[in-house]
Amino acid sequence: MNVLKSLPVWLCFIPVAILNGGLREYVLAKTIGEEWALPVSGIILSVCIFLITWLLLPRTIKAFTSKDGWLIGIGWALLTIAFEFAAGLAGGSTVSELLAAYNLLSGNLWLLVLATTLLSPIVTKKYRFA
């Protein structure tokens, strides 16, 4: 049940991720170059996801167990992957292009974003609800 209660928090990630993409394309790429814009953008999005979780999850769910934290994190990570693929494919990207985001050697920190999405509920549980 707590996993369902956490969905509004996850939904907050979507507009933040879209705004972060705009920041990357229109500001970071022009100021620090495309080579650095992608990893910096990944770090910014990861920090935003953590802060949203830290601030909103305790207000959405008053108490939850460590198991709930893991279930929420896994659910959020799977939803994020599904959303990224659905939006990417709908936007004309190929599966190969979408899978390229999982290559850390390309400078893309998408795996950091997914790890943050997975672990933020657990970290929040440990330190905000302790």
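The structure we're discussing is the one just above.
Residues numbered from 1 in each chain as written. Predicted model: local features only at pLDDT ≥ 70, side-chain atom pairs only at ≥ 80, totals over all residues. Heavy atoms only, no water.

A. Layout of the layout of surface pockets. The space that makes up the largest pocket amounts to roughly 810 Å³. Along the wall of the largest pocket there are 31 residues; nearest its centre are Ala-17, Arg-24, Leu-45, Glu-84 and Trp-110. Broken down by secondary-structure element, the contributors of at least two residues to the lining of the largest pocket are α2 (7-32), α3 (34-60), α4 (66-90), α5 (95-100) and α6 (110-128). Element by element, the count of residues in the lining of the largest pocket is highest for α2, at 10 residues. Split by residue class, the lining of the largest pocket holds 17 nonpolar, nine polar and five charged. (1 Å grid on protein atoms, 1.4 Å probe; cavity = no way out; pocket = protein on both sides within 12 Å on 5 of 7 lines; lining within 4 Å. Points joined across faces, edges and corners; volume = space filled by probe spheres on them. Helix = DSSP H or I, 4+ residues; strand = E, 2+ residues; numbered from the N terminus. Nonpolar A, V, L, I, M, F, W, Y, C, P; charged D, E, K, R; others polar.)

B. Main features of the packing of α2 against α4. For the pair α2 and α4, the least separation of the axes is 11 Å and the interaxial angle reads 35°. Classified by chirality, the crossing of α4 by α2 is right-handed. Counted together, Leu-7, Val-9, Trp-10, Phe-13 and Ile-14 of α2 and Trp-76, Leu-79, Thr-80 and Phe-83 of α4 form the full contact between these two elements. For the contact of α2 with α4, a count of residues per class yields eight nonpolar, one polar and no charged. (Axes fitted to C-alpha atoms, helices over the stretch in contact; angles between N-to-C directions. Left-handed = near helix turned anticlockwise from the far one by under 90°. Contact = heavy atoms within 4.5 Å.)

C. Spatial organisation of the pattern of salt bridges. Here the structure, examined in full by the defined rule, presents one salt bridge. The residue Arg-24 makes a salt bridge to Glu-25 at a minimum N-O spacing of 3.2 Å. Looking at Arg-24, the relative accessible area reads 23%, which means it is partly exposed. Given a relative accessible area of 43%, Glu-25 falls into the partly exposed group. (Salt bridge = Lys/Arg side-chain N within 4 Å of Asp/Glu carboxyl O. Buried < 20%, exposed > 50% of the residue type's maximum accessible area, 1.4 Å probe, protein only.)

All we've got here are geometric facts, nothing functional implied.
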